[in-house]
Amino acid sequence: MFSAPRFLIAAATALASLTGACTAQTVAPDDASLNSRIAARIDETLAEGVAGAIVLLEMNGERQVFSRGLADRATGEAMADDNRLRMASVGKLYTATVIHRLLLDGRIDLDRTAADYVEPARIDGIANADIATIRQLLNHTSGVPDYYDDAWEAQVSTVARNTADTTLDHIRGREADFAPGEDSGYSNSNYQLLGLVAEAVTGQPLGDLMDSIIFAPLQLQATGYNVYGDPHDRIHGYGRGDDADFDTFTLQDNNGADGGVLATASDAAIFLDALFSSDGALADIGRSMLSDKFDRGNGRYRALGPTYVEHESGLNLVTHSGYIDGYVTTVVRVLSPDITVIVHLNCSEPQLAGTLARDMLFMVAAEGEG
């Protein structure tokens, strides 16, 4: 979930980091020397004023989690491997997974619109909701305006507000950003609409659909949707507006179809592997996500859920970033070889997460290895 200006910064910096020049080394993630260098590189990020970091690295089935720094400055509590991450817009991948399952089961059509499924009263007055296709909602070419603007961010408080009705009410009557398919513009509203589609088609709440399609089959015991009061949700985020030290822990911004997933780094890696490993449990959904790509230039594409990158090194990867006040997450999944990188920082500096994710990736992968 992003305000429009903040998302543009987050996307530009994260993707620039991932597609920038790099020097890779051929090493395995359990190498002791590599581990020391990884820890040192994470600590360089913490030295930028970041309280703490959780970094997961996985290569060819070998997974390690590095927890560094503090989850809570006030108490001195350290980051821990089992902390739940407020994944923000990385949660869109989970909503997209539900949509693709319904697509593959023949229950929805990519070329129909939200208006074909959702009762009119819920989407009346939402620009392009009656003409943008499900495909265009998934890849952010719908032109539906983003509810998460500066006015929305300013009202975020301790009350959970990211329901489909409240978010869509915020843009009801607003003009479209562009005609569907004519441009690409990130909009959190797209996934609020997709959540409504999934619920209308099945008659089930989105959280129940995630549980039956994702959480239960993958045995994700440390993942939930719109969860409140989880004892492992202990990471305090820092930074709001001009106050870099503002503690954002009580801000209930991590909810809704566009960003409501809470998960450990390990559970998130299991999910990504299930989608994008060739023999993964959800590999049919992963292939569906990558079956259509909107070309944004420079080897970057908006696929039907994630961003797809053809890196100059020869590595093809999927990625998504999430940013709410105080929390930044970047996930990267290389398609071949099997490499997963997850970076979570409790700060409001998305460019630091993108740069760290890039450096972690190329510390464990040989450039051009396939």
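Look above for the structure.
What comes next is a walk through the structure. Since the structure is predicted, the reported quantities are computational estimates derived from the model, not experimental observations.

### Some words on the overall build of the protein chain
When helices and strands are tallied, the protein chain shows 12 helices and 14 strands. Considering the protein chain as a whole, with its 370 residues, one finds that 59% of them fall into the buried category. Accessible surface, the protein chain: about 13300 Å² in total, of which carbon and sulfur atoms supply 46%.

### Some thoughts on the pairing of strand S2 (residues 62–72)
Here 8 bridges tie strand S1 (residues 52–59) to S2, and the two strands are oriented antiparallel to one another. Its bridge partner lying in S2, Val-55 is registered against Phe-66. Where S2 lies against strand S3 (residues 77–78), 2 bridges are found, and the strand directions are antiparallel. When the sheet's bridge partners are listed, Asp-72 is paired in S3 with Glu-77. The turn linking S2 back onto S3 is made up of 4 residues, and Gly-76 within it adopts a positive phi angle of 80°.

### Quick word on the pattern of salt bridges
Counting across every chain of the model gives 21 salt bridges. For Asp-325, the salt bridge goes to Arg-240, with nearest N and O atoms at 3.2 Å. Here Asp-325, found in the loop between strand S12 (316–324) and strand S13 (327–334), pairs with Arg-240, found in strand S6 (residues 238–240); they are 85 residues apart in sequence, far enough to count as distant. Linked through salt bridges whose partners overlap, the residues forming this network are Glu-58, Arg-63, Asp-273, Arg-333 and Asp-338.

### Focus: the nonpolar core
Tyr-94, Val-98, Ile-134, Leu-138, Met-210, Ile-214 and Phe-271 are the most contacted members of the largest nonpolar core, which totals 75 residues. Broken down by element, the residue count for this core peaks at 8 residues, all from helix H10 (residues 265–276). Judged by nonpolar contacts, the second largest core, of 32 residues, contains Ala-53, Leu-317, Ile-339 and Met-360.

### Considering helix H12 (residues 350–364)
The end-to-end C-alpha distance of H12, which contains 15 residues, comes to 22 Å, matching closely the 21 Å that a straight helix rising 1.5 Å per residue would cover. With respect to burial, H12 is a largely interior element, 13 of its 15 residues being buried.

### Examining the sheet that holds strand S14 (residues 339–345)
Ordered in space as S3-S2-S1-S14-S13-S12-S11-S10-S9, the 9 strands form an open sheet in which the pairing is antiparallel. One side of each edge strand has no neighbouring strand; the edge strands of this open sheet are S3 and strand S9 (294–297). Bridge analysis of strand S11 (residues 307–310) against S12 gives 4 bridges, and the strand direction is antiparallel. Its bridge partner lying in S12, Tyr-308 is registered against Val-318. In the packing of H10 onto the sheet, contacts are made with S1, S2, S12, S13 and S14, and the angle to S14 comes to roughly 145°.

### Observations concerning unusual backbone geometry
A cis amide bond links Ser-336 with the next residue in sequence, Pro-337, at an omega value of 0°. Assignment of secondary structure puts Pro-337 in the loop between S13 and S14. Positive phi, normally seen in glycine, also occurs at Asn-226, with a value near 50°. Mapped onto the secondary structure, Asn-226 falls in the loop between strand S5 (223–225) and S6. On the accessibility criterion, Asn-226 (29% relative accessible area) is partly exposed. Notably, Asn-298 is not glycine yet its phi reads approximately 60°, a positive angle. Relative to the assigned elements, Asn-298 resides in the loop between S9 and strand S10 (300–302).

### Observations concerning the sheet that holds strand S8 (residues 261–263)
Within the open sheet, the 3 strands sit side by side as S4-S8-S5. Their pairing is antiparallel. Edge positions in the sheet fall to strand S4 (85–86) and S5, since each of these pairs with one other strand and no more. Inspection of the sheet shows S4 paired to S8 by 2 bridges, in the antiparallel sense. Bridged to Arg-86 within S8 is Leu-262. This element, helix H9 (residues 206–215), spans S5 and S8 of the sheet and lies at about 155° to S5.

What counts and what doesn't
Residues numbered from 1 in each chain as written. Predicted model: local features only at pLDDT ≥ 70, side-chain atom pairs only at ≥ 80, totals over all residues. Heavy atoms only, no water. Helix = DSSP H or I, 4+ residues; strand = E, 2+ residues; numbered from the N terminus. Buried < 20%, exposed > 50% of the residue type's maximum accessible area, 1.4 Å probe, protein only. Areas by Shrake-Rupley, 256 points an atom, 1.4 Å probe, with all protein chains shown as cover. Pairing = 2+ DSSP bridges. Salt bridge = Lys/Arg side-chain N within 4 Å of Asp/Glu carboxyl O. Core = buried A, V, L, I, M, F, W, Y, C linked by side-chain atoms within 4.5 Å. Expected span 1.5 Å × (residues − 1). Contact = heavy atoms within 4.5 Å. Axes fitted to C-alpha atoms, helices over the stretch in contact; angles between N-to-C directions.

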